[in-house]
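Residues per chain, in single letters:
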Amino acid sequence: NKEMFYIIGQLFNNDATNEIYAKDFLSESIDIENLTRQRESLIERRKEVEGKKVRLLSKIAEMDANDPHYDDMYDDYNGLIRGFMSEISDLDAQIADISANIETNGARKESLEVARTTIAEMWSHLDEITEEHMKMFMNEFVEDVQILEEPDVVNGQNLLIIFLSD
């Protein structure tokens, strides 16, 4: 475990590897600022549609039931209201999806920073780390380790492949 921890520590203390891991770790992430702008735009659109719906409901409440066109106007207005309600429902779903995406990506970035900080702290105290802590680390960050049986063509050494956990 100590040798494996040392290898992983070397990987994480290398700036180039850190960037590759960060890019891979956050490959599904999207610009949170862009998502926030999209969400705000959808919220504004929802307010507009809600306002139209409220004004139309007010108009329906003020209609004269004795008007010869009352039934036709009532049906037309109700059709418009159903359309507004459907649009509001769609907007709410989109807002919820974007909000969840913002939360997920924010958590992924925080998780990456916690991992980097933990590894850096452990690395700085390598000689003091107990076998139990190394096992906990390995279980947390390493999904699988494979040693290729055939030596590398370039340098004749066996390759070690480390699969890091998401």
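Bear in mind the structure is a predicted one, so any value in this text is a computation, not a measurement.

It is not clear to me how the overall build of the chain should be interpreted in this structure. Could you clarify?
Within the chain, the regular secondary structure consists of 5 helices and 2 strands. The linear arrangement of helices and strands in the chain, starting from the amino end, is α-α-α-α-α-β-β. Relative to its 166 residues, the chain shows a buried fraction of 25%. Counted over contacts in the chain with a minimum sequence separation of 6, partners at least 24 positions apart contribute 65%. Per element, the accessible surface of the chain, about 11,700 Å² overall, is 50% carbon and sulfur.

What is the right way to read the side chain of lysine 53 from this model?
Locating lysine 53 in the fold gives a position in helix α3 (residues 32-61). Not counting chain neighbours up to four residues away, the residues in contact with lysine 53 comprise Ile81, Phe84, Met85 and Ile88.

Would you explain the side chain of arginine 39 in this entry?
Following the sequence through the fold, arginine 39 ends up in helix α3. Within the buried set, arginine 39 has no salt-bridge partner at all; the shortest N-O distance to an opposite charge, 4.1 Å, is to glutamate 40. Polar contacts involving the side chain of arginine 39 include one to the side chain of serine 99, which spans 3.2 Å.

For this particular structure, what's the right way to read the nonpolar core?
Soluble globular proteins: nonpolar side chains tend toward being buried together. Leu42, Val49, Leu56, Ile60, Tyr77 and Ile98 are the most contacted members of the largest nonpolar core, which totals 14 residues. Secondary-structure elements contributing two or more residues to this core are α3 and α4 (70-124). Residues within four places of valine 49 in sequence aside, it is in contact with Phe84, Glu87, Ile88 and Leu91.

Help me understand a negative patch on the surface, please; the structure alone is not making it clear to me.
Judged by side-chain charge, Asp71, Asp72, Asp75 and Asp76 come together as a negatively charged surface patch. With respect to the element layout, aspartate 71 can be found in helix α4.

I'm lost on the environment of aspartate 64 in this one. Help?
The topology assignment puts aspartate 64 in the loop between α3 and α4. A distance of 3.0 Å separates a polar atom in the side chain of aspartate 64 from the backbone nitrogen of asparagine 66.

What am I meant to see in the environment of asparagine 34 here?
Relative to the helices and strands, asparagine 34 is located in helix α3. It is 9.7 Å that separates the C-alpha atoms of asparagine 34 and isoleucine 102, two residues lying 68 residues apart in sequence.

In this structure, what is going on with the confidence of the model for the chain? I would like to understand it.
Predicted coordinates in areas of low pLDDT are best not read in detail. Put simply, the chain has an average pLDDT of 77, and 57% of its residues get 70 or more. Taken element by element, the chain is modelled with least confidence in helix α2 (residues 15-25), mean pLDDT 55, and with most confidence in α3, mean pLDDT 93.

So what exactly am I meant to see when it comes to the environment of isoleucine 98 here?
Here isoleucine 98 shows up in helix α4. On the basis of relative accessibility, which here comes to 12%, the residue isoleucine 98 falls in the buried class. Considered as a pair, isoleucine 98 and glutamine 38 are 60 residues apart in the sequence and their alpha carbons are 7.9 Å apart. When residues no more than four places from it in sequence are discounted, the contact partners of isoleucine 98 are Leu35, Gln38, Arg39 and Leu42.

Would you mind going over α3 with me for this structure?
Residues separated by three or four positions in an α-helix point in the same direction, a consequence of the helix having 3.6 residues per turn. For α3, spanning 30 residues, the distance from its first C-alpha to its last is 43 Å, which sits close to the expected 44 Å at 1.5 Å a residue. Residues of α3 that are buried: Leu35, Arg39, Leu42, Val49, Gly51, Lys53, Leu56 and Ile60.

Here is what the cut-offs are and how they apply
Residues numbered from 1 in each chain as written. Predicted model: local features only at pLDDT ≥ 70, side-chain atom pairs only at ≥ 80, totals over all residues. Heavy atoms only, no water. Helix = DSSP H or I, 4+ residues; strand = E, 2+ residues; numbered from the N terminus. Buried < 20%, exposed > 50% of the residue type's maximum accessible area, 1.4 Å probe, protein only. Contact = heavy atoms within 4.5 Å. Areas by Shrake-Rupley, 256 points an atom, 1.4 Å probe, with all protein chains shown as cover. Lys, Arg positive; Asp, Glu negative; His and termini not counted. Salt bridge = Lys/Arg side-chain N within 4 Å of Asp/Glu carboxyl O. Polar contact = N/O pair within 3.5 Å; in protein donor to acceptor, adjacent residues only side chain to side chain. Core = buried A, V, L, I, M, F, W, Y, C linked by side-chain atoms within 4.5 Å. Patch = residues over 30% accessible without salt bridge, like charges linked within 9 Å, V, L, I, M, F, W, Y side chains within 5 Å. Charge placed at Lys NZ, Arg CZ, Asp CG, Glu CD. pLDDT = per-residue confidence, 0-100. Expected span 1.5 Å × (residues − 1).

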